[in-house]
Amino acid sequence: MNDKAGSVHKEKIYGPSDYKMDFPLPSCPGCGSPSACKIIVEALEELGLIQNSVVVIGVGCAGMGFFGTKMDMAMCAHGPSPSVAAGIKHANYDDVTVFTVQGDGDCAAIGAGYLINSAARGDKITIFMFNNTNYGTTGGQMAPTTLLGQVTTTTPQGRDGMAQGYPLHVPEILATMKGVAYSARGSIHNFAHYQRTKKYVKSALQKQTAGIGLSFVEILTACPVNWRMEPIKAIRWIEEEVTVEYPLGEFKNAD
Ligand SMILES: Cc1ncc(C[n+]2csc(CCOP(=O)(O)OP(=O)(O)O)c2C)c(N)n1
Ligand code: SF4
């Protein structure tokens, strides 16, 4: 880009990746999950960690972007990804960067026990939870993260706190735990947030390298199909509604 003084300012935003394959992803149009996976791949490449990383994905849409990479991967049952990741980390201790990519249902509902105990142990792993406010893969049922008033296939009248409980704020909860070194929530609904979230992802991975404790990043992602919205409207909905319930930022950054 030419600035007014006529000098040329070029900043590399991102380039082709050695780790991405030309692979047709099974995600729906406008889905946020592949972009969130891409942030993680970019962060690993920029930190020089990707050659020695293992991704652990649960069952769901969230981690499917990693099928389009050449990375070492373990896919495990719905819920226990943190325990599988901790096992891989213990077996290869300092040498490998191990992280999970989980949906909000996987991580915060069926996997909540695994998550909390991994955090309590201070496992030296990183957990990425994609919050699309519903169970995407199985047709849009209510998740712990579903907004109050949000219509899902299991809350056709909208989620009612008195009847179905209240939205769960996972990084805020984890930030209170001693075993957790880093906890943040980012979004990718515009480019500024994409870049900010990439910083959170990098900070989380660096905490693991430093061996300080468990690191966690929630990433808000769009699920236009189950939200019954056009992709552009889904992006606006994240800005106007989802970030109100789920504020963005770092909740813990321990040395
Ligand atoms: C033990 C077990 N229970 C239930 C399922 C069915 N199941 C597959 S994916 C899924 C929901 C996934 O939702 P989420 O974790 O939020 O991820 P998303 O698809 O939205 O990324 C469920 C319930 C399963 N595969 N295994
Ligand atoms: S169902 Fe939702 S989360 Fe799953 S691929 Fe489609 S848009 Fe993405």
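Colleague: Give me the lowdown on the packing of helix α1 (residues 33-46) against helix α7 (residues 191-210), citing residues and values where you can.
Modeller: At a minimum axis separation of 9 Å, α1 and α7 run at an interaxial angle of 55°. If you check the angle between α1 and α7, you find them oblique. The element α1 and its partner α7 pack so that their crossing is right-handed. Of α7, the residues touching α1 (which contributes Ser-35, Lys-38, Ile-39, Ile-40, Glu-42, Ala-43, Leu-44 and Glu-46) are Tyr-194, Thr-197, Lys-198, Val-201, Lys-202 and Leu-205. Residue composition of the contact of α1 with α7, grouped by class: seven nonpolar, two polar and five charged.

Colleague: Before we move on, could you go through the environment of Ser-33 and cite the residues and values that matter?
Modeller: Along the chain, Ser-33 turns up in helix α1. A residue is classified by how much of its surface remains accessible, and Ser-33, at 3% relative accessible area, is buried. C-alpha separation for the pair Ser-33 and Gly-63, spaced 30 residues apart in sequence, amounts to 7.2 Å. With residues near it in sequence (within four places) discarded, Ser-33 still touches Cys-61, Ala-62, Phe-130 and Thr-221.

Colleague: Break down the site of ligand 1 for me, citing the residues and quoting the values.
Modeller: Taken together, 16 residues lie near ligand 1, and Asp-104, Gly-105, Asp-106, Gly-136 and Thr-137 sit nearest. Take Gly-105: an N or O atom from its main chain is 2.9 Å from an oxygen atom of ligand 1. Within the backbone of Asn-134, one N or O atom sits 3.2 Å away from an oxygen atom of ligand 1. For ligand 1, whose unbound accessible area comes to 590 Å², protein coverage reaches 73%. No other element matches helix α3 (residues 104-110), which puts four residues into the shell around ligand 1. For the shell around ligand 1, the class distribution of residues is five nonpolar, nine polar and two charged.

Colleague: Go over the site of ligand 2 with me, naming the residues and quoting the values.
Modeller: Around ligand 2, the structure places Ser-27, Cys-28, Cys-31, Cys-61, Asn-132, Gly-136, Cys-223, Pro-224 and Asn-226. Partitioned by chemical class, the residues of the shell around ligand 2 number five nonpolar, four polar and no charged.

Colleague: Help me get a handle on α1, residues and values and all.
Modeller: Spacing of three or four residues puts side chains on the same side of an α-helix, whose turn is 3.6 residues. Taking 1.5 Å per residue, 14 residues should reach 20 Å; α1 reaches 20 Å between its end C-alpha atoms and fits that length. Among the residues of α1, those classed as buried are Ser-33, Ala-36, Cys-37, Ile-39, Ile-40, Val-41, Glu-42, Ala-43 and Leu-44. One or two steps after α1, the chain reaches Gly-48, where phi turns positive at roughly 70°.

Colleague: Help me get a handle on the sheet that holds strand β7 (residues 249-253), residues and values and all.
Modeller: Across the sheet, seven strands lie side by side as β2-β1-β3-β4-β6-β5-β7; this open sheet has mixed pairing. The open sheet has two edge strands with one neighbour each: β2 (72-75) and β7. Within this sheet the neighbouring strands show an average axis-to-axis angle of 15°, counted without direction. Of the pairings in the sheet, the one linking strand β4 (residues 126-131) to strand β6 (residues 214-220) comprises six bridges and is parallel in character. The residue bridging Phe-128 from the neighbouring strand is Val-217, located in β6.

Calculation rules
Residues numbered from 1 in each chain as written. Chains lettered and ligands numbered in written order. Predicted model: local features only at pLDDT ≥ 70, side-chain atom pairs only at ≥ 80, totals over all residues. Heavy atoms only, no water. Axes fitted to C-alpha atoms, helices over the stretch in contact; angles between N-to-C directions. Helix = DSSP H or I, 4+ residues; strand = E, 2+ residues; numbered from the N terminus. Parallel < 35°, antiparallel > 145°, perpendicular 65-115°, else oblique. Left-handed = near helix turned anticlockwise from the far one by under 90°. Contact = heavy atoms within 4.5 Å. Nonpolar A, V, L, I, M, F, W, Y, C, P; charged D, E, K, R; others polar. Buried < 20%, exposed > 50% of the residue type's maximum accessible area, 1.4 Å probe, protein only. Near = heavy atom within 4 Å. Polar contact = N/O pair within 3.5 Å; in protein donor to acceptor, adjacent residues only side chain to side chain. Areas by Shrake-Rupley, 256 points an atom, 1.4 Å probe, with all protein chains shown as cover. Expected span 1.5 Å × (residues − 1). Pairing = 2+ DSSP bridges.

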